[in-house]
Each structure stands twice: as structure tokens, then as C-alpha cells.
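Analysis of the macromolecular model
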Amino acid sequence: MNQDVTITVIDREGKSHELIAPTDMAMNLMEVCKAYELPVEGTCGGMAMCASCQCYLVSDHDLPEKSDDEEAMLSEAFHVKENSRLGCQIHMSKALEGLTVELAPE
Amino acid sequence: MVKTDIIIIGAGPTGLFAVFEAGLLKLKCHLIDSLPIPGGQCSEIYPKKPIYDIPSQPEILAGDLVDNLMKQISPFQPGFTLGECAQTIEKNSSGDFIVTTDKGTKHQAPIVAIAGGLGTFEPRKPNLVDLEKFENHGVDYMIKDPEKYRNKKVIIAGGGDSALDWTIFLANIAKEVTLIHRRDEFRGALDSVEKVQKLKDDNKVKLITPAEVTELHGQDFLESIVVSNEGKIKTITTDYFIPLFGLTPKLGPIADWGLEIEKNAIKVNNSLDYQTNIPGIYAIGDVNTYAGKLKLILCGFHEATLMCQSAFQRIYPDKKNILKYTTVSGISGFDGSRKEAKKSTIKAIK
């Protein structure tokens, strides 16, 4: 069975990138972006401690609730909107098929 | 002028371990780091997080890893210039490098090893009009001398450990401390959260949550801030505003040293000895890039080891040397200490 999902990431210049992401490699959205060499720093390595992977949810997917760590980091980050999420906290799963996100400013 | 054999820029795990490997070759090191403490990211970002991929350490806290490295390198008496950022590099007439920090401290050595990780940690600044105008005129991003705030009114913004810690510390020094955060919840050590709760209950600090500072006002010096608290806007007079929203790394001044940069990292000559395009300047650990690069602490240790062997060759091109095993040769510290394996017991059985 195909374990991949196709997601769309809109970069900071407004360009859309279609990414094919495996769901069986324990990857998160920040890592998928990095694997495709999109300009996502992921400074803290995925510990929800830097917000360099902040993105805005564009599609109407029901993502899992934010953890306390993610809430705390977003409460200290800049350019935060209602639909802000940390890419490192979004784990690749089949439910994300068709997901669209936009990278938040650095 | 600090004189040494290897100037190491960056006191993270890779830079610290380089001191050990250099020490085995009788080379002295001096480390420069913009943070006030050694350890780099391990100390600044995640001291309490476990690391599982350090060989022979099934689980170790990042902070403990730094403590162990400091202990391991102590016989080799490294020098430290902490809280200063390496700003410029030049060569003197004898071919040595002179590295000068933002505070003007000068260091001289034939070898420079850049172990700068992701770069210099700079404060994350909130997006406020006139913020820069008030920097050092009432707005501080780091507390260097707490005495500066004695009997002054201070407003701290942030929701993490540093905001909590400084609120607690300044409560006894400043005339008035107000902590402002976007949420009611704080992410910090439980002990710190409880202390701030008690200070608030005892009316020793003021807490405004969920709230955000939206404006800064004053002539030459900061005089007041505007805070938005659940739709209510109010102006508070203050002497200081200290936003503590964490630090973010920037490659910083080393980006202008004439080194070949690729993807925000320093390009090195593959995995030969991690030398940059400038002979005598090496880049090790997360700061470098080459084909197959992996940003891992364990890879940084390996790179530091190869770098030191190459540095030795550069400093003493005619001196014969061979790799030694510490199990066989032990460790002779520059402090006169000596560690070595116990001699075998050889005794007849009759």
C-alpha cells in the first residue's frame, strides 16, 4: 500500500510546492520541508522551542490539538495568527492528504 | 592579547571537545562564545532535554553532556572569552590570526577553528515601532548587570524560563517589577512558576496576562509603554522594558570573513580535515557543510579530532607525530595532572 501523502507548502514568496511525504518514517512537516530544501530552519531540531517552522494552515484539515509545548511556543512567537501551527509538531499521517500550509515570515 | 595555539570560536560540545583532542597533542586552546556560559545550544536551548545518540551514553541531558565535557577538558586548561562575539579576523606579519571580539578583546593564534554551530545567539525582538530607538535607552534584551535596575521600575515581557527567572531575581532589586505575557500559562521550571505565583500573591510583582506590549513612548529615554490586556488599553510608566522572547542564532560577523558560505554554513574541504578556503581556518560541527554532512554532536566530535591532527601538522610541519591511544599513553594535563591506566599486576602463582 502506498504510504505517501501529497501536501502543498506555499513558501514566503507565495510559490506553491507540492511535496510527497512518507507517513511511515516518523517525519513531521518541518522535516518534510527541510528534506525538500524549503527555507525552514528548524533551529531547535523539532522540540517546539524556536518557532522557526511556524506555518499557517490554509486547507480545512482537522489537525490534532496543539500540545502545551506548541501552545507555549506560539504564545511567544511573532506573526502568530489564529491558524498558526508549528510544522515540527505536525506528524505525517494519511489524514494529511491534500494538506496546504503557508510558511510564516522568519 | 590572548595568545594560544588554537582559537576556537564557539564553546558548544564540538568546540569543547576540540580542546581535549588538541590537549593530547599538547596544543593549547582558547574559546570565544557570545553566550555567557559554555555549552552553546545545549546550554541555551535545551539543557534539560535528553540526548540518546551520544555513543556509550544511552541517555544524557544536554546540560550534563556539557558538564562532563568541561570536566574532561579541564586538565588542558582552556581559556574562555565568554559573552563576547568574535567580530573580525586579520593576519599579522608573522602569519598568525588575530581575532577581535565586539568588546575589543584580541586573541592571537596560528590556527582558528570555527565551531559556531548555528551562529551567534541574538535576542528575538518584538515587532514594535521605535524599538530600536530605545535600545540601551530603556530597552534591554539581556540582563548583564542587575544593579542597573536597583530602585527602578521594570517591565519584563515573555513566558519562558528567562522571563520567570529575572522576574524573581529583580523582585528584590527593582522598585517595581511587572511581568507581561500573552497567556496565563508559563513554560518554565515548576519551581520558578510557583515562586512567581507567590511573589504575585504577596504583591511583590505585578502580573498582566493575557496581554501584550503594543507601544513604547518617551523622549530620548523610555518613559512608558502601552499594554493591551483583553481589549483594554492602558499606559504604564516605566524606566525599563525587557522583552525576553528567547534567542535566535544568526551566522553573524563570520559571514563576512571571506569564507566560502553555502546554505548558511561554512564550506570545508570535504571530510579531509575540515579546513575552509582560508588555510589555517577550520570549521567544525554544525557550522560547516560538505557532501554528506550530518549535523550531529557525534559527528562534531569526529570533525574536531581530525581538525586537531591537521592543525598540529600546520603548526609543526617538520615534527614527527603519531596517533596515540589514551588507554596506553594516559593524559598529561597542562595543570601538571596525570591520568593513566593502572600497571598490570605480575606475580607468580606457586
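Residues numbered from 1 in each chain as written. Chains lettered and ligands numbered in written order. Predicted model: local features only at pLDDT ≥ 70, side-chain atom pairs only at ≥ 80, totals over all residues.

**Quick look at the overall build of chain B**
Helix and strand counts for chain B come out as 8 helices and 25 strands. Considering chain B as a whole, with its 350 residues, one finds that 37% of them fall into the buried category. The contacts of chain B with a sequence gap of at least 6 include a subset with a gap of at least 24, amounting to 61%. (Helix = DSSP H or I, 4+ residues; strand = E, 2+ residues; numbered from the N terminus. Buried ≥ 20, exposed ≤ 12 C-beta atoms within 10 Å, placed from the backbone. Contact = placed C-beta atoms within 7 Å.)

**Some details on the overall build of chain A**
Helix and strand counts for chain A come out as 2 helices and 5 strands. The linear arrangement of helices and strands in chain A, starting from the amino end, is β-β-α-β-α-β-β. For 106 residues, the compact-globule estimate of 2.2 N^0.38 gives 13 Å, and chain A sits close to it at 13 Å. Classification of the 106 residues of chain A by burial places 34% in the buried group. (Rg over C-alpha atoms; globule rule 2.2 N^0.38 Å.)

**What to know about the sheet that holds strand β20 (residues 261–262) of chain B**
Residue and element names in this part refer to chain B. Spatially, 3 strands are ordered β20-β21-β23 in an open sheet, and the strand pairing comes out mixed. Across the chains shown, the open sheet's two edge strands, defined by having one partner strand only, are β20 and β23 (288–289). Direction of pairing for strand β21 (residues 265–267) relative to β23: parallel, over a ladder of 2 bridges. From the neighbouring strand, isoleucine 266 faces β23, where its bridge partner is asparagine 288. (Pairing = 2+ DSSP bridges.)

**Thoughts on the environment of leucine 61 of chain B**
Residue position: leucine 61 of chain B is located in strand β5 (residues 60–61). In the structure, leucine 61 of chain B is positioned 53 residues away from isoleucine 8 of chain B in sequence and 24 Å away in space, judged by C-alpha atoms.

**What to know about the interface of chain B and chain A**
With 17 residues of chain B in contact, the opposing surface of chain A contributes 9 residues. Tallied by class, the residues present in the side of chain B that touches chain A amount to 6 nonpolar, 6 polar and 5 charged. (Nonpolar A, V, L, I, M, F, W, Y, C, P; charged D, E, K, R; others polar.)

**A look at unusual backbone geometry**
Residue and element names in this part refer to chain B. Residue proline 210 follows threonine 209 across a cis peptide bond; omega there is -20°. The backbone of serine 56 shows a phi angle near 75°, a positive value even though the residue is not glycine. Structurally, serine 56 can be placed in the loop between β4 (50–51) and β5. Taking the number of C-beta atoms within 10 Å as the measure of exposure, serine 56 has 5 and is therefore exposed.

**As for the pairing of strand β9 (residues 106–109) of chain B**
Residues and elements named next belong to chain B. A one-sided burial pattern is seen for β9, the buried positions being His107 and Ala109 and the unburied ones Lys106 and Gln108. Sheet topology places strand β1 (residues 2–3) next to β9; 2 bridges connect them, and they run parallel. The partner of valine 2 across the bridge, within β9, is histidine 107. By the bridge criterion, 4 bridges tie strand β8 (residues 97–101) to β9 in an arrangement that is antiparallel. Across the sheet, threonine 100 pairs through a bridge with lysine 106, a residue of β9. Hairpin connection from β8 to β9: 4 residues lie between these consecutive antiparallel strands, with glycine 104 at a positive phi of about 90°.

**Notes on the packing of helix α1 (residues 13–24) of chain B against helix α3 (residues 62–73) of chain B**
Residues and elements named next belong to chain B. Interhelical geometry of α1 versus α3 gives an angle of 20° and a closest axis separation of 9 Å. Taken together, the axes of α1 and α3 lie roughly parallel to each other. Relative to α3, the crossing made by α1 is left-handed. Residues Pro13, Leu16, Phe17, Val19, Phe20 and Gly23 of α1 touch α3, and the partners they reach there are Leu65, Val66, Leu69, Met70, Gln72 and Ile73. A class-by-class count of the residues in the contact of α1 with α3 yields 10 nonpolar, 2 polar and no charged. (Axes fitted to C-alpha atoms, helices over the stretch in contact; angles between N-to-C directions. Parallel < 35°, antiparallel > 145°, perpendicular 65-115°, else oblique. Left-handed = near helix turned anticlockwise from the far one by under 90°.)

**A short note on the packing of helix α5 (residues 161–171) of chain B against helix α6 (residues 190–201) of chain B**
Residues and elements named next belong to chain B. The interhelical angle for the contact between α5 and α6, taken along N-to-C directions, is 45°, at an axis separation of 9 Å. Between α5 and α6, the interaxial angle falls into the category oblique. For the element pair α5 and α6, the recorded crossing hand is left-handed. Across from Asp161, Leu164, Asp165, Thr167, Ile168 and Ala171 in α5, the residues of α6 making contact are Ser192, Val193, Lys195, Val196 and Leu199.

**A few points about the domain arrangement of chain B**
Split into domains, chain B comes out as domain 1 (2–121 + 248–339) and domain 2 (125–245). Each of domain 1 of chain B and domain 2 of chain B has a C-alpha centre, and these two points are 36 Å apart. (Domains from an automatic or database assignment.)

**Digging into helix α2 (residues 68–76) of chain A**
Buried within α2 of chain A we find Ala72, Met73, Leu74, Ser75 and Glu76 of chain A. Looking at the buried side of α2 of chain A, the elements it contacts are β4 (84–86) of chain A.

**Quick look at the sheet that holds strand β3 (residues 29–33) of chain B**
Residue and element names in this part refer to chain B. Ordered by their spatial adjacency, 5 strands build an open sheet running β6-β3-β2-β10-β22, and the pairing between neighbours is parallel. At either end of the open sheet lies a strand with only one pairing partner, and these are β6 (79–82) and β22 (281–283). Taking each pair of neighbouring strands and ignoring which way they run, the sheet shows an average axis angle of 20°. Together, β2 (6–9), β3 and β10 (111–114) form the strand contacts of α1, whose direction differs from that of β3 by roughly 175°.

**Observations concerning α1 of chain B**
Residues and elements named next belong to chain B. Relative to the 16 Å expected for 12 residues at 1.5 Å per residue, α1 spans 17 Å between its end C-alpha atoms, a close match to the ideal helical length. Most of α1 is tucked away, with 11 of its 12 residues classed as buried. Among all positions in α1, only Pro13, Thr14, Gly15, Leu16, Phe17, Ala18, Val19, Phe20, Glu21, Ala22 and Gly23 are buried. Those residues of α1 hidden inside the fold are in contact with β2, β3, α2 (41–44), α3, β10 and α7 (297–315). One or two steps after α1, the chain reaches lysine 26, where phi turns positive at roughly 65°. (Expected span 1.5 Å × (residues − 1).)

**As for the environment of leucine 82 of chain B**
Residues and elements named next belong to chain B. Within the element layout of this structure, leucine 82 appears in strand β6. Classification of leucine 82 by C-beta neighbours within 10 Å gives partly exposed; the count is 13. In this structure the C-alpha to C-alpha distance between leucine 82 and leucine 24, which are 58 residues apart in sequence, comes to 24 Å. Not counting residues within four places of it along the chain, the set of residues in contact with leucine 82 comprises Asp33, Leu35, Pro36 and Ile37.

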